[in-house]
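As a plain string of letters, each chain reads:
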Amino acid sequence: MYGWAGQRLRIDLSKGDIIKEPLSLEYRRKWIGGRGFNSDIIYNEVSPDMDPFDPKARVCFGVGPLNGTAAPSTGRVTVTCKSPLTGGFGDSSMGGHWGAEVKYAGYDQIIVQGRAKKPVYIWIDDDKVEIRDAANIWGKFPRDADTMIKQELKDEDIHIMLIGPAGENLVRFACTFNDVWRAAGRTGHGAVIGSKNLKGIATRGSGSVKIARPKEFFEICNRLRQAFKNDPMKMGLYEYGSLCLINIANRDGWLPWKNLQYGGTPLANNMSGETHAKTVLKHREGCYACPICCGRFTSIKDGRWAGEEFGGPEYEHAVPTGPRVGIIEDANDIWHNARLTNDLGMDGIETGGVISVAMEWYQRGLITAKDTGGLELEWGDEKVVDQLIQDIAYRRGFGDILAEGGDRASDKLGLGDKGHYYTITTRGMTLPGDDPRGLGFGYGLSFAVGTRGGCDHLRSLCCLELSGALYPGLNTKILGDERPAKPVTTVGKPYMVYYEENQKTVTDCLNVCCFTTHWCYTVLTQDQLDYFNACTGMDMSIEEFLEVGERVYNLERAYWARQMSGAREDVVPERFTKEPMPQHVDYQTNVGATLPINEMLPKYYKYRDYEPGTGFPSERKLKQLGLDYVAEDIRPLRKRYMSESEQKKKKYYY
Amino acid sequence: MGCSLYHEGECSKLLSRINVVRNERYGESFVAGCDLCTDPPCAAVCPTGACALDPRMGIAKIDANKCIGCKECLIHCPFGAISIHPITKKSFKCDLCEGRTDGPVCADWCPSGAITWMSPEIAAKAKKRHKLQERINAATMAKEVS
């Protein structure tokens, strides 16, 4: 078999069963891999009313046909489950080397279900799979657990997926790591893995990925890698990591300052990639087969955190526990917070998000020191942030409430609509550190309609709207129009988001890194199709290829529809529509902007063929995509969604 | 992966002639590959003559037909450049992608300059210049910081 390994591994922790299921050619062609396989399993096997922590709930790790090959950046894994944070469909993906290792071990997907009686970890040594006792590593940071497992198994070259203490304590936004520092951050599957008493999956693969047309495949890979040498975005990412965005974000007014009340801060350069590279960067790192190498390894040299070392940070990881909570003066505080969320195993975005919203509640007088157990939640107080991060991870005091996520915490504290106004979330998940009033209206639309809630930059990743300066003419090449290259405009954005969502989905199905396809526009859809066909020996057309993306996307949307989430929930936080962007930095370019989301939504629905009333995928579209059974599932739900009792409900999470 | 694909037509880290070993926790990594010895110990200890210096390329090469899989070369190579084929169990190593116009795939594809390939004479010159450049960089950075 070429490309794929051809089987999935299913592990039932309750019964101790280990089952290997073959994947037919037809199935592989329909879903391609990674996110496609995972979404299919979650849709079919995890019912919408199941508790995410139910032992029957599934958590899937999917890799694609390209993983482990020489194509650019093929080390990614998609992790999917029913999210404990949003209560709906949740997936996230991570880089590192574990994805390739799973493939070499001979699997396209790993499904974990059931619940072990005591803490365990899984040891996959090619076709030998073992469930092993994890009593001594339970409670440990990923970096320590990683070392201990490697010592126990007497092999330093294996790759391990792990959760941290937050996952064990069922923090609703706990995440998973592989290779110690590479995180699949969002939607809280770390808690689902923790609820199964599973600490991690250690993997050793000694197989290989067979290539259908090796010479052609080598030539394509060679051409793309040569192209990366001159890619302007690659140079920025290599030199400064994703932190290269800090100064750009500050100029264009999308760097969150104090829970997105402002779009920047005059001191932003303190934490820019340029400053990071000069002060604390130990060296640069790359994931598996990566031509970009945007990873950082940081070593803090002075101040009270001197001696701390960790892999990271990224833009999205550093901003939430930095400027979003008002910390900017001493960048070492920001690096320390990022290190802490990593070690404890929490999503940095959500952690910073809930702390910053609590600070805003405090600022507005919605909560006082009485509610917080004596903590004075003043903006920029590193001591408080440091304390709260740890309290959340171990569910102590006020941290226990915040560990439920922003919207649930608001309800627990009884803050009503006012509380929810300040939680910058959609469908229960906090938006990342990108203010769409400056970053671009396409991003704003993507936040509203994304299929994992709070859905952030990784659903459409429509960097096309930022690409004007770096890649002139790119928008014309892809969308047939250069006007959408301007961020703060609605022109062409609905189609851009539609196109980029399908493109990003198919990229996730292949499980290659979207930085090769959406930031550095070096690997375009045609290139992806070329290397996919050369690797697997298929003869897919570009239409069929993109249709897979559309199929997966609609399936995920249908999952939300089954949970009574549709058009009424396609909203962005009111702050973006009601509060014009204030000026906080002298040279800020987007003062006064609001997000005209309602101008874009109807057009986007047309491209997607969603019903205007419910926002559910239309029956016609589902049938065209070969999803007849999904059409059957949601047919009776359309009426229910439009019923009066449903219309009255305000849904912040599910 | 480029190495394994170029030589074997499939992708596997066990079939690669060059490997990066990593310690993720401390963020350290090391490239284990052939260092192009002038007097290679792998060739010196080979009992069958399978491993011998190719004077034209300046690298020791292993003839799979003559190799008996005794692993002497593996033991004596100071750089971990020798690998054992997972199926034939014989030794194999880097051959500088002989015949490829753009030089070895690993160096050609390396995004960070961690792997480079050049003649020893040029490398020696570059190394001298490199030390000087380091001093200039340090001085410039000190100026910028102050």
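Keep in mind that this is a model prediction, so the values were computed, not measured. (Residues numbered from 1 in each chain as written. Chains lettered and ligands numbered in written order. Predicted model: local features only at pLDDT ≥ 70, side-chain atom pairs only at ≥ 80, totals over all residues.)

**Details of the overall build of chain A**
Helix and strand counts for chain A come out as 30 helices and 18 strands. In summary, chain A has a C-alpha radius of gyration of 23 Å against a globular reference of 26 Å for 654 residues, a match within 12%. Viewed in the frame of its principal axes, chain A has a C-alpha envelope of about 60 × 55 × 55 Å. In chain A, which comprises 654 residues, the proportion classed as buried is 63%. (Helix = DSSP H or I, 4+ residues; strand = E, 2+ residues; numbered from the N terminus. Rg over C-alpha atoms; globule rule 2.2 N^0.38 Å. Buried ≥ 20, exposed ≤ 12 C-beta atoms within 10 Å, placed from the backbone.)

**Topic: the packing of helix 7 (residues 214-229) of chain A against helix 23 (residues 525-536) of chain A**
All names here are of chain A. Following both chains from N to C, one finds helix 7 and helix 23 inclined at 150°, their axes separated by 8 Å at the closest point. Looking at the two axes, helix 7 sits roughly antiparallel to helix 23. Like other packed secondary-structure pairs, helix 7 and helix 23 cross with a definite hand, here left-handed. On the side of helix 7, the interface is formed by Glu216, Phe217, Ile220, Cys221 and Leu224, while helix 23 contributes Asp527, Asp530, Tyr531, Ala534 and Cys535. (Axes fitted to C-alpha atoms, helices over the stretch in contact; angles between N-to-C directions. Parallel < 35°, antiparallel > 145°, perpendicular 65-115°, else oblique. Left-handed = near helix turned anticlockwise from the far one by under 90°. Contact = placed C-beta atoms within 7 Å.)

**Considering the domain arrangement of chain B**
With domains assigned, chain B is organised as domain 1 (2-115) and domain 2 (116-146). The C-alpha centroid of domain 2 of chain B is placed 28 Å from the C-alpha centroid of domain 1 of chain B. (Domains from an automatic or database assignment.)

**Section: the interface of chain B and chain A**
Listed per partner, the contact involves 18 residues of chain B and 36 residues of chain A. Take the side of chain B that touches chain A: its biggest share by element is three residues, from helix 1 (residues 2-8) of chain B. Residue classes in the side of chain B that touches chain A are distributed as ten nonpolar, five polar and three charged. Direction of pairing for strand 13 (residues 209-210) of chain A relative to strand 1 (residues 10-11) of chain B: antiparallel, over a ladder of two bridges. Bridge pairing links Lys210(A) to Glu10(B) in strand 1 of chain B. (Nonpolar A, V, L, I, M, F, W, Y, C, P; charged D, E, K, R; others polar. Pairing = 2+ DSSP bridges.)

**Section: helix 7 of chain A**
In this model, helix 7 of chain A (16 residues) spans 23 Å end to end at C-alpha, consistent with the 22 Å of a helix rising 1.5 Å per residue. Burial in helix 7 of chain A covers these residues: Phe217(A), Ile220(A), Cys221(A), Leu224(A), Arg225(A) and Phe228(A). Burial along helix 7 of chain A is one-sided: seen end-on, the buried residues are contained in an arc of 130°. Buried positions along helix 7 of chain A lie against helix 8 (232-240) and helix 23 of chain A together with helix 1 and helix 4 (105-109) of chain B. (Expected span 1.5 Å × (residues − 1). Arc of directions from axis to C-beta.)

**Thoughts on the nonpolar core**
Residue and element names in this part refer to chain A. Ranked by size, the top nonpolar core spans 220 residues in total, and within it Tyr121, Val171, Ile292, Met346, Ala358, Leu402 and Tyr531 carry the most contacts. No other element matches the nine residues that helix 24 (residues 542-562) contributes to this core. Ignoring any residue separated from it by four or fewer positions in sequence, one finds Tyr531 in contact with Leu66, Ala71, Phe217, Ile220 and Cys221. (Core = buried A, V, L, I, M, F, W, Y, C linked by C-beta atoms within 7 Å.)

**What to know about helix 26 (residues 597-608) of chain A**
All names here are of chain A. Compared with an ideal rise of 1.5 Å per residue, which puts twelve residues at 16 Å, helix 26 spans 16 Å between its outermost C-alpha atoms and is within 8% of the ideal. Summarising the contacts, the buried residues of helix 26 are in contact with helix 19 (441-449), helix 21 (493-510) and helix 25 (574-578). Of the residues one or two after helix 26, Asp609 is the one with positive phi, at around 60°.

**Some details on the domain arrangement of chain A**
Accessible area lost when the parts come together is the quantity often used to give the size of an interface. Residues and elements named next belong to chain A. If you check the domain split of chain A, you get domain 1 (7-204), domain 2 (243-430) and domain 3 (440-521 + 539-648). One C-alpha centre belongs to domain 1, the other to domain 3, and the line joining them spans 27 Å. Ranked by residue count, the leading element in the side of domain 1 that touches domain 3 is helix 2 (residues 34-45), at six residues.

**Quick look at unusual backbone geometry**
All names here are of chain A. In this chain, Gly312 is followed by Pro313 through a cis amide linkage whose omega measures 0°. Even without glycine at this site, Ser73 takes up a positive phi of about 55°. Considering the arrangement of structural elements, one finds Ser73 in the loop between strand 3 (59-62) and strand 4 (77-82). C-beta crowding within 10 Å serves as the criterion here: with 26 such atoms nearby, Ser73 is assigned to the buried category. Backbone geometry places Lys258, a non-glycine residue, at a positive phi of 55°. Its place among the elements puts Lys258 in the loop between helix 9 (245-252) and helix 10 (273-279). Judged by local crowding, Lys258 falls into the partly exposed class, with 18 C-beta atoms found within 10 Å.

**Regarding the confidence of the model for chain B**
Per-residue confidence for chain B averages 91 on the pLDDT scale, and 99% of its residues sit at or above 70. The ipTM value of the predicted complex is 0.91, and its pTM value is 0.94. (pLDDT = per-residue confidence, 0-100.)

**Re the pairing of strand 6 (residues 109-113) of chain A**
Residues and elements named next belong to chain A. Summarising burial for strand 6: five of the five residues are buried, a large majority. Burial of strand 6 is two-sided: the residues Gln109, Ile111 and Gln113 facing one way and the residues Ile110 and Val112 facing the other way are all buried. The pairing of strand 1 (residues 7-12) with strand 6 spans five bridges and is classified as parallel. Within strand 6, the position partnered with Ile11 by the bridge is Val112. Across four bridges, strand 3 lies against strand 6 in antiparallel orientation. From the neighbouring strand, Phe61 faces strand 6, where its bridge partner is Ile110.

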